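Take a look at the letters that make up each chain.
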Amino acid sequence: MTDQRGKSQNVIYLGTHGEDYGSWMSNPVFYMVGGLTALAALLAVLSFAVFHISALGILFMIIVAGLLALLGWITWIRRQYAFGGGGMMERVHQTILSYLDYDGSGTLLDVGCGSGALSIRAALTWLETKVVGIDYWDAVYNYSQALCEKNAASEGAGDRCTFCHGDANKLDFPDESFDAVVSNYVYHNITGADKQELLLETLRVLKKGGVFALNDDMKPRMYGDMETFAQKLRDMGYEEVRLIDTAREVFGSHRRAAMMMLGESRMLVGRK
């Protein structure tokens, strides 16, 4: 990445016009933990006041304390990731694009675009680029195509961003369609899929000479041996392939990344 590109990213602040980028920690998680806390508190009161079983009441009080601690933890995580809050996810997006050795001309694909934040940042970083964001848009996060389009228009990138429904298992694009591809914390959420096959499917739509930066929580039990996979790509003719320890680079340490549920965060970068 050139110095100028780094400077361009430093002055990009998303969400300053009232855009809605949601939260990495979704609302249903809070509803579930809050509901369980209320239920445990009710059972504690009933155990003491109605059933007169002190041991059971104490047990439920301990459960309430544990759930309150959990609620505090996920509230802290949500604040850390929030745009306009701790800004950790914005820092992740900046890091992803900083490793993309891209000249800014052509088309860029964002696999699993969510609320559109990474796609929009790419469009604002490379003003001649056409960005395509695809997502399955699971209802858990309350993201949608309409939300992405609204955010992009508000940020002034609506004419260069296109969003559509898509499945990372089988991308609805021909081989070698894009000059660059990015993805951020998406593949680990796709249950039942071979993660290395997902990566290969993403790379299928990348043009020869195109660049990629694919970041995820690459737990070995889900991803297997990624060093071997990186070598496989080199053997296939991919260039400059390497794994970036984003847990350390973005969060500062694996311990801090683990506290934010992304302790195995790594990014695969290179050129096709």
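Note that the structure is a prediction, hence the values are computed from the model and not measured.

A.B. asks: Honestly, the environment of serine 144 in this entry has me stumped. Any pointers?
C.D. replies: Examined against the element boundaries, serine 144 turns out to sit in the loop between β2 (129-135) and α6 (145-154). Residue classification places serine 144 among the partly exposed residues on the basis of a relative accessible area of 28%. Linking serine 144 and cysteine 113, residues 31 residues apart in sequence, is a C-alpha distance of 9.7 Å.

A.B. asks: Looking at this structure, I do not really get the pattern of salt bridges. What am I missing?
C.D. replies: Opposite charge on two side chains makes pairing possible when the charged atoms of those side chains draw close. Applying the stated criterion across every chain yields a total of 9 salt bridges. For the salt bridge of arginine 204 with glutamate 201, the shortest nitrogen-to-oxygen distance reads 2.9 Å. Of this pair, arginine 204 and glutamate 201 are both found in helix α7 (residues 195-204), 3 residues apart, which corresponds to roughly one turn of the helix. One salt bridge in this structure joins lysine 219 and aspartate 217, with 2.0 Å as the shortest N-O distance. Aspartate 217 gets classed as buried once you look at its relative accessible area, which sits at 1%.

A.B. asks: Even after reading the chapter, I still don't get α7, so can you show me in this structure?
C.D. replies: Every α-helix carries 3.6 residues per turn, so stepping three or four residues along brings you back to the same face. Counting buried positions along α7 yields 8 of 10 residues, so the element is predominantly enclosed. Every buried residue of α7 is accounted for by Lys195, Gln196, Leu198, Leu199, Leu200, Glu201, Thr202 and Leu203. Looking at the packing, one finds that the buried side of α7 touches β1 (106-111), β4 (178-184), β5 (206-217), α8 (220-223), α9 (226-235) and β7 (265-271). One side-chain oxygen of the residue at the start of α7 lies 3.0 Å from the amide nitrogen of glutamine 196, identifying that residue as aspartate 194.

A.B. asks: What's the story with helix α3 (residues 54-81) in this structure? I'm lost.
C.D. replies: In a regular helix each residue adds 1.5 Å, so 28 residues correspond to 40 Å; α3 covers 41 Å between its end C-alpha atoms and thus fits that length. Among the residues of α3, Gly57, Phe60, Val64, Leu67, Ile74, Ile77, Gln80 and Tyr81 are the ones counted as buried. Where α3 is buried, its residues touch α2 (27-49), α4 (88-98), α10 (246-251) and α11 (254-259).

A.B. asks: Quick question: what am I supposed to make of the packing of aromatic side chains here?
C.D. replies: The way to describe two aromatic rings as a pair is by their centre distance and the angle between their planes. Taken as a whole, this structure holds 5 aromatic pairs when the rule is applied. Each ring, one from tyrosine 102 and one from tryptophan 126, has its centre 5.1 Å from the other, and the planes form 75°; the classification is edge-to-face. Pair noted here: tyrosine 102 is in the loop between α4 and β1 and tryptophan 126 is in the loop between α5 (117-125) and β2, with a separation of 24 residues, a long-range link. A relative accessible area of 3% places tyrosine 102 in the buried class. Each ring, one from phenylalanine 173 and one from phenylalanine 178, has its centre 5.0 Å from the other, and the planes form 90°; the classification is edge-to-face. For the pair phenylalanine 173 and phenylalanine 178, one class covers both residues: buried.

A.B. asks: I tried to follow the sheet that holds β4 on my own but got confused; where do I start?
C.D. replies: Adjacent strands of a sheet form backbone hydrogen bonds with each other and so pair up, either parallel or antiparallel. Pairing within the open sheet is mixed, and its 7 strands lie in the order β3-β2-β1-β4-β5-β7-β6. Strand pairing shows two members of the sheet lacking a second neighbour, β3 (161-165) and β6 (239-244), which therefore form its edges. Averaged over all pairs of adjacent strands, the angle between strand axes in this sheet comes to 15°, irrespective of strand direction. Summarising the sheet, β6 and β7 pair through 4 bridges and their orientation is antiparallel. Within β7, the position partnered with isoleucine 244 by the bridge is methionine 267. Each of β1, β4, β5 and β7 touches α7; the most contacted strand, β5, lies at about 145° to it.

Parameters at a glance
- Residues numbered from 1 in each chain as written.
- Predicted model: local features only at pLDDT ≥ 70, side-chain atom pairs only at ≥ 80, totals over all residues.
- Heavy atoms only, no water.
- Helix = DSSP H or I, 4+ residues; strand = E, 2+ residues; numbered from the N terminus.
- Buried < 20%, exposed > 50% of the residue type's maximum accessible area, 1.4 Å probe, protein only.
- Salt bridge = Lys/Arg side-chain N within 4 Å of Asp/Glu carboxyl O.
- Contact = heavy atoms within 4.5 Å.
- Polar contact = N/O pair within 3.5 Å; in protein donor to acceptor, adjacent residues only side chain to side chain.
- Expected span 1.5 Å × (residues − 1).
- Phe/Tyr/Trp six-rings, centres within 6.5 Å; stacked < 30°, edge-to-face > 60°.
- Pairing = 2+ DSSP bridges.
- Axes fitted to C-alpha atoms, helices over the stretch in contact; angles between N-to-C directions.

Fair warning: the whole summary comes from geometry, so function is off the table for now.
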